[in-house]
Amino acid sequence: MTSPLASSSAPFGRVLTAMVTPFSADGKLDLDAAQKVASHLVDLGNDGIVVSGTTGESPTTTVAEDGELLRAILDAVGDRATVIAGVGTNDTRHSVELAEQAARAGAHGLLLVTPYYSKPPQHGFVLHVEAVAAAGDGTPIMLYDIPGRTGMTIAEDTYLTLDRLDEVVAVKDAVADLERGAWLLANTGLALYSGDDSLNLAWLSIGAAGVVSVVGHAAAGRYRRMVEAVDAGDLAEARRLNLELVPLVRAMMTHTQGAMTAKIALHLRGVLDSLAVRPPLPPIEESEIAMVREGLAAVGLLD
């Protein structure tokens, strides 16, 4: 299904959030809460949502749960936001199954992280992407390059190879190498999305199409204003917004897992009741809640 916001320069929108997956106190998937969160995120300023990504605790959810969650989010916001399904695993057969399910459900895109832990050689990764692209039945793919979590980096030659696939249209870059990112923009047709909230402004300044954020659970409106400021050439305003958000970025992204801090932020803002996460993430502690509360208050986002 085509995204309602697709364009050649920003195929998945401009401000996207990698959405948490709500669970009830007994650990079950809470679809009503998920639809509430998704609607809140779009109202906040997101024009895209990633479902079942790492922030969505995807290693702990089943294929059936991923399908239920995706269909619920498409029903809730699929007519006004890009909905991307996370299908990346370290088992190609599993990723193919997820891609087929996402395509049937009508996902606007697929997020495909490099196979973590397995660390296949580059040509193995190419085969992995090709298999998922075939399974997705034409659904556009955003690659996800995050070596800090996966143990491998997509090589420049691999990008050139994958750029030839019609389905591969973008990359969420969390490599923290701006020179390399500039090379990607200069030498491929891929749209680049910032995958690191601390570098959102830096990526936008060199030509990134947008951001895929965790802090966007609370600050998507600020990031939308940052994108608009960069587009308008107003670097002073973009810098001001970036500096303004530093306390929240540090509170949510530098102390513990983003899935946990994002749920805390939603909870403190009255959007999400349950703070339940699935193991191996531990129960959220009061000190972590206090840390996020302080970050939200520092940037004026705590009602």
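All values derive from a computational prediction rather than experimental measurement. (Residues numbered from 1 in each chain as written. Predicted model: local features only at pLDDT ≥ 70, side-chain atom pairs only at ≥ 80, totals over all residues. Heavy atoms only, no water.)

What to know about the UniProt feature "active site" (unreviewed entry) in the protein chain
As recorded in UniProt, the sites labelled "active site" (unreviewed entry) are Tyr144 and Lys172. With the annotated positions falling across 29 residues, the maximum pairwise C-alpha distance of 4.7 Å places them together in a single cluster. Looking at where Tyr144 falls in the secondary structure, it is placed in strand E5 (residues 141–145). Tyr144 sits in the buried class, given a relative accessible area of 7%. With near-sequence residues (within four places) excluded, Tyr144 lies in contact with Thr54, Leu111, Leu112, Val113, Thr114, Lys172 and Ala174. Summarising the element assignment, Lys172 is placed in strand E6 (residues 168–173). Apart from residues no more than four positions distant in its own chain, Lys172 is found in contact with Leu111, Met142, Leu143, Tyr144, Asp145, Tyr193, Gly195 and Val212. (UniProt positions renumbered as here; feature names shortened; annotations may be inferred. Helix = DSSP H or I, 4+ residues; strand = E, 2+ residues; numbered from the N terminus. Buried < 20%, exposed > 50% of the residue type's maximum accessible area, 1.4 Å probe, protein only. Contact = heavy atoms within 4.5 Å.)

Looking at the pattern of salt bridges
Pairs can form between side chains of opposite charge whenever their charged atoms are close. Across all of its chains, the model carries eleven salt bridges by this definition. The closest approach of N and O atoms between Arg93 and Asp91, which form a salt bridge, is 3.8 Å. By relative accessible area, which is 70% here, Arg93 ends up exposed. Residue classification places Asp91 among the partly exposed residues on the basis of a relative accessible area of 31%. Where salt bridges share partners, they join Arg222, Glu237, Arg240 and Glu244 into one cluster. (Salt bridge = Lys/Arg side-chain N within 4 Å of Asp/Glu carboxyl O.)

Notes on the sheet that holds strand E2 (residues 48–51)
Ordered in space as E1-E2-E3-E4-E5-E6-E7-E8, the eight strands form a closed barrel in which the pairing is parallel. Across the sheet, the mean angle from the axis of one strand to that of its neighbour is 25 degrees, orientation sign disregarded. The pairing of strand E4 (residues 109–113) with E5 spans four bridges and is parallel. Residue pairing for E5: Leu111 is matched across the bridge by Met142. Against the sheet, helix H4 (residues 122–135) contacts E4, E5 and E6, and its axis sits at roughly 160 degrees relative to E4. (Pairing = 2+ DSSP bridges. Axes fitted to C-alpha atoms, helices over the stretch in contact; angles between N-to-C directions.)

Details of helix H12 (residues 286–298)
Each α-helix winds once per 3.6 residues, and so residues spaced three or four apart point in a common direction. Here H12 contains 13 residues, and its C-alpha end-to-end distance of 18 Å stays within 8% of the 18 Å for a straight helix at 1.5 Å per residue. Close packing links the buried residues of H12 with helix H9 (216–231), helix H10 (235–253) and helix H11 (258–268). A positive backbone phi angle near 70 degrees is found at Gly300, which sits one or two residues after H12. (Expected span 1.5 Å × (residues − 1).)

Focus on helix H1 (residues 31–44)
Compared with the 20 Å implied by 1.5 Å per residue over 14 residues, the 20 Å span of H1 between its first and last C-alpha is a close match. Of all the positions in H1, only Ala33, Ala34, Val37, Ala38, His40, Leu41 and Val42 are classed as buried. Buried-residue contacts for H1 involve strand E1 (15–18), E2, helix H2 (63–77), H9 and H11. The backbone nitrogen of Asp32 lies 3.3 Å from a side-chain oxygen of the residue at the head of H1, namely Asp30. Following H1 by one or two positions, Gly45 adopts a phi angle in the positive range, close to 135 degrees. (Polar contact = N/O pair within 3.5 Å; in protein donor to acceptor, adjacent residues only side chain to side chain.)

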